[in-house]
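Listed below are the residues making up each chain.
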Amino acid sequence: MGYKLPTRYFALCSFMILMFWMLLNAVSLLYLGSNDKYFTRGHGRHLQNDSPSDDFEREMAQEKDPNTLGLIRNKEDQTIREHGYEKHAFNELVSNRLGFYREIQDTRHELCKSIRYSSNLPSASIIICFHNEAWSTLLRTVHSVLNRTAENLVHEIILVDDQSNLEELKDELENYVEKLPKVKLLRTVQREGLIRGRTLGAKSATGEVLVFLDSHCEVNKDWLPPLLERIKENRTTVVCPVIDMINSDTFDYQSSPLVRGGFNWGLHFSWEPLPKHLLVKPEDYVLPIRSPTMAGGLFAMDRNYFSQLGQYDEGMNIWGGENLEISFRIWMCGGSLEIIPCSRVGHIFRRWRPYGSDSKGDTMSYNSMRVAEVWLDDYKKYFYQIKKGLVGEPFGDVTSRTELRKRLNCKTFKWYLKNIYPEINLPQEGGSVKSNMWNPHGLQKEKVIVKKGNLQNVGNSLCLDIPGRSSEKRATVLLRDCQEIHAMVSQTK
Ligand SMILES: [Mn+2]
C-alpha cells in the first residue's frame, strides 16, 4: 500500500496538469482566434470607425507575438499561406495576422530625431498604384500613412487600381475606402502597367508634391517632413526615402544600410555602397545623398516639376526601365536626385515578381531599349553589346521623348557619367561588367549558360517541362511526354 499511494498521487497530478494545459490552450486559441477575425477583411471593427482614432491606433498597435505569427493551426491557414505565396510571393497568413497597423522600430539615425522642419511644408498627394495587391498589405500601406503622417501634410491618398481581378479589390475595397479620410480610388479602364497607372494618378492629383509609394509598404516615423522640406528648398530636387526591408516570409522589419542607386550597362538598376568619403562624420549619416539613379517605387517630386519634366514615358509598357529613364532625365535636364537618410519607408522585398505582363512580353527589355535610344547617345552601343538579342527588335516610337529632351535642353549622357556617376566602368569591348552591388537577398551570381536541351528520364521518356514562360521566376516544373514537348516547341517557332 505504501508503495501504491505515490503512484495514485502522481496520476492525479498528471491529470490536473493535463487539464490545466488544455484549458490554457483553449483560452489562448480563443484569444488568438478572435484576434484574427478582428483583422479579417470585411468584418473588422475599424469598418465602423469613420476615421482611425487614437483608440483605434492604440488597439491596433498591440504587439503581435512573432513566435505564433506564422503558425499554421488548421487547413484554412495552410491554404491562405500557400495561395498567398502563389499570388503575391509573400506569406499572406503572417501579413493578415499583423492587421492594418503595427508598431515598427524607428530605424532613423539618432541625429534625425532632433531635426526640426518648417511649419509651412507643401502638402502631398500620395499615389499608390497596384495590380492584384494583397488586401492586408495594401491597407497596411494606407493605414501606416494615415497613422504616421501629420494630417495637414496629407492632401490626399490616391489608389490607382490597374485592372486587379482579385474579388476583394472590387466593391469591398470601394466600400472600405469610402470610410477612410482623404483616400480616393481610381481604376484604369484597361491594363496600363505601373508607368501609365502612376501618370493617371498624378494627373488627378491636386497636392503640391507627388509622393509615389509601392502598394506593399509601411512608412516609418516622421517619414514625410524630411522629403517635403528638401523639395520646399528647391523644387527641382527629387527625393527618395531610405527603403527599409520587410521580410517576405516573416514580415520582420529591418533597417537598411545607406546605399545609393547605380546601374549597369544592361540597364539594370543596382544598389551600391556609398563612396567612403561620404560617410566620415556622424552628420554625414543624416545629410542628403546624391544618387545617380532611383529604385523607382518610392519617391517624392514637386507636382508641377513632374509635369514640366515630362512625367513618364507613356510609350513604356507594364513595368521596368522607367526608374532609370526618370533618373537620367532628372539629372540631365537640370534637376537633382537624392536619398534622404532621415526618411524611412519599409518595403516588402520579394524573391520574384508575382504577376506577368499579359500579352506585352518582356516589357523590361522593350522599355530599356526606349531608355537607351532616347538618353544614352553613343553609349547605347554598350547596352546593345550586352543585350545582343535586342539589336533590331522593335521599341515603338520615341519621337515625342527625343523632342522632350531637346525642348528641355538636356545635357549629354557623357556629361551625366562624368559629373553624376564617374564610378561606373565602361565595359570592355564585347565583355560584361561586374558590379559590387548590394542586394537584399545576398550577392547575385552571374548566369552562365553551359548547355541547352531537354532533361529526359531515359527509362520512361518523360521530360522536364515548364508550362508558361520559362523566364518567369518560381515557375512550376512538371514531367511530360518528351514527344509532346517537342511538338509544342516546334509549333511556337
Ligand atoms: Mn515593390
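Residues numbered from 1 in each chain as written. Predicted model: local features only at pLDDT ≥ 70, side-chain atom pairs only at ≥ 80, totals over all residues.

> Please explain the overall build of the protein as it appears in this structure.
A count of helices and strands for the protein gives 15 helices and 15 strands. Long-range contacts, defined here as pairs at least 24 residues apart, represent 79% of the contacts in the protein between residues at least 6 apart. (Helix = DSSP H or I, 4+ residues; strand = E, 2+ residues; numbered from the N terminus. Contact = placed C-beta atoms within 7 Å.)

> Mind showing me how you'd approach unusual backbone geometry here?
A negative phi angle characterises most non-glycine residues, just as the trans form characterises most peptide bonds. Located in the positive-phi region is lysine 182, a residue other than glycine, with phi close to 65°. Judged by local crowding, lysine 182 falls into the partly exposed class, with 16 C-beta atoms found within 10 Å. The residue isoleucine 318 is not glycine, and still its phi comes out positive at about 40°. Of note, isoleucine 318 is situated in the loop between helix H9 (303-308) and helix H10 (322-332). (Buried ≥ 20, exposed ≤ 12 C-beta atoms within 10 Å, placed from the backbone.)

> Quick question: what am I supposed to make of the sheet that holds strand E15 (residues 478-481) here?
In a beta sheet, neighbouring strands pair by backbone hydrogen bonds and run either parallel or antiparallel. The sheet built from 3 strands is open, its strands ordered E13-E14-E15 with antiparallel pairing. Because the sheet does not close on itself, it has two edges, and the strands there are strand E13 (456-457) and E15. Bridging between strand E14 (residues 462-465) and E15 involves 4 bridges; their strand directions are antiparallel. From the neighbouring strand, aspartate 465 faces E15, where its bridge partner is leucine 478. (Pairing = 2+ DSSP bridges.)

> Would you mind going over the pairing of strand E1 (residues 124-130) with me for this structure?
As a general feature of sheets, a regular strand has side chains that alternate between the two faces. Where burial is concerned, most of E1 is hidden: 7 out of the 7 residues are buried. Sheet topology places E1 next to strand E4 (residues 209-213); 5 bridges connect them, and they run parallel. The partner of isoleucine 126 across the bridge, within E4, is valine 211. Where E1 lies against strand E2 (residues 154-161), 7 bridges are found, and the strand directions are parallel.

> Just checking my understanding: could you explain the UniProt feature "coiled-coil region" (unreviewed entry) in the protein for this structure?
Here, UniProt's "coiled-coil region" (unreviewed entry) annotation points to residues 159-186. Secondary structure across residues 159-186 divides into 29% helix and 25% strand, with the first and last C-alpha atoms of the span separated by 6 Å. (UniProt positions renumbered as here; feature names shortened; annotations may be inferred.)

> Which parts of the structure should I look at to understand H10?
Given 3.6 residues per turn, any residue in an α-helix points the same way as the ones three and four places further on. By the criterion of burial, H10 is predominantly enclosed, with 11 of the 11 residues buried. If you check which residues of H10 are buried, you get Glu322, Asn323, Leu324, Glu325, Ile326, Ser327, Phe328, Arg329, Ile330, Trp331 and Met332.

> Would you take a moment to explain the environment of glycine 84 for this structure?
For glycine 84, the position within the fold is in helix H3 (residues 75-88). You can call glycine 84 buried: it has 21 C-beta atoms within 10 Å. Spatially, the C-alpha atom of glycine 84 lies 8.1 Å from that of alanine 134, the residues being 50 residues apart in sequence. Setting aside residues up to four positions removed in sequence, glycine 84 forms contacts with Phe90, Asn91, Glu92, Leu93 and Ala134.

> Would you mind showing me how to read the packing of H10 against helix H11 (residues 363-375) here?
Two packed helices can be described by the angle between their axes and the distance between those axes. Between H10 and H11, the shortest axis-to-axis distance is 9 Å and the interhelical angle comes to 20°. Compared by their axis directions, H10 and H11 come out roughly parallel. The hand of the H10/H11 crossing is left-handed. Taking contact as the criterion, the partners of Glu322, Leu324, Glu325, Phe328 and Met332 in H10 are, on H11, Asn367, Val371 and Trp375. Looking at the contact of H10 with H11 residue by residue, the class counts come to 5 nonpolar, 1 polar and 2 charged. (Axes fitted to C-alpha atoms, helices over the stretch in contact; angles between N-to-C directions. Parallel < 35°, antiparallel > 145°, perpendicular 65-115°, else oblique. Left-handed = near helix turned anticlockwise from the far one by under 90°. Nonpolar A, V, L, I, M, F, W, Y, C, P; charged D, E, K, R; others polar.)

> Help me understand the pairing of E2, please; the structure alone is not making it clear to me.
For E2, the tally of buried residues reaches 6 of 8 residues, placing the bulk of the element in the interior. Note: E2 against strand E3 (residues 183-187), 5 bridges, orientation parallel. Among the inter-strand pairings, leucine 159 is bridged to a residue of E3, identified as leucine 185. Between the parallel pair E2 and E3, the chain is carried across by helix H6 (residues 171-178), and the sense of this crossover is right-handed. (Right-handed = clockwise from strand over helix to strand, strands pointing away.)

> What should I look at first to understand the confidence of the model for the protein in this one?
Predicted confidence across the protein gives a mean pLDDT of 84, with 78% of residues reaching 70 or more. Residue range residues 58-62 is modelled with pLDDT below 50. Its contacts to residues more than four positions away, or to other chains, number 6 contacts. In the model, residues 442-446 has pLDDT below 50 throughout and makes 1 contact with residues more than four positions away in sequence or in other chains. (pLDDT = per-residue confidence, 0-100.)

> Which parts of the structure should I look at to understand the nonpolar core?
Taken as a class, soluble globular proteins show a tendency for nonpolar side chains to be buried jointly. Residues Ile126, Ile127, Leu210, Val211, Phe299 and Ala300 are the most contacted members of the largest nonpolar core, which totals 82 residues. Counting residues per element, this core draws most heavily on H11, which supplies 7 residues. The residues touching valine 211, leaving out its near neighbours within four places in the chain, are Ala124, Ile126, Ile127 and Ala300. (Core = buried A, V, L, I, M, F, W, Y, C linked by C-beta atoms within 7 Å.)

> Explanation requested: the environment of histidine 109 in the structure shown.
Here histidine 109 lies in the loop between helix H4 (92-98) and E1. Judged by the 17 C-beta atoms lying within 10 Å of it, histidine 109 falls in the partly exposed class. As for histidine 109 and proline 341, which are separated by 232 residues in sequence, their C-alpha atoms are 7.9 Å apart. Not counting the four nearest positions on each side in its chain, histidine 109 is found in contact with Tyr285, Val286 and Pro341.

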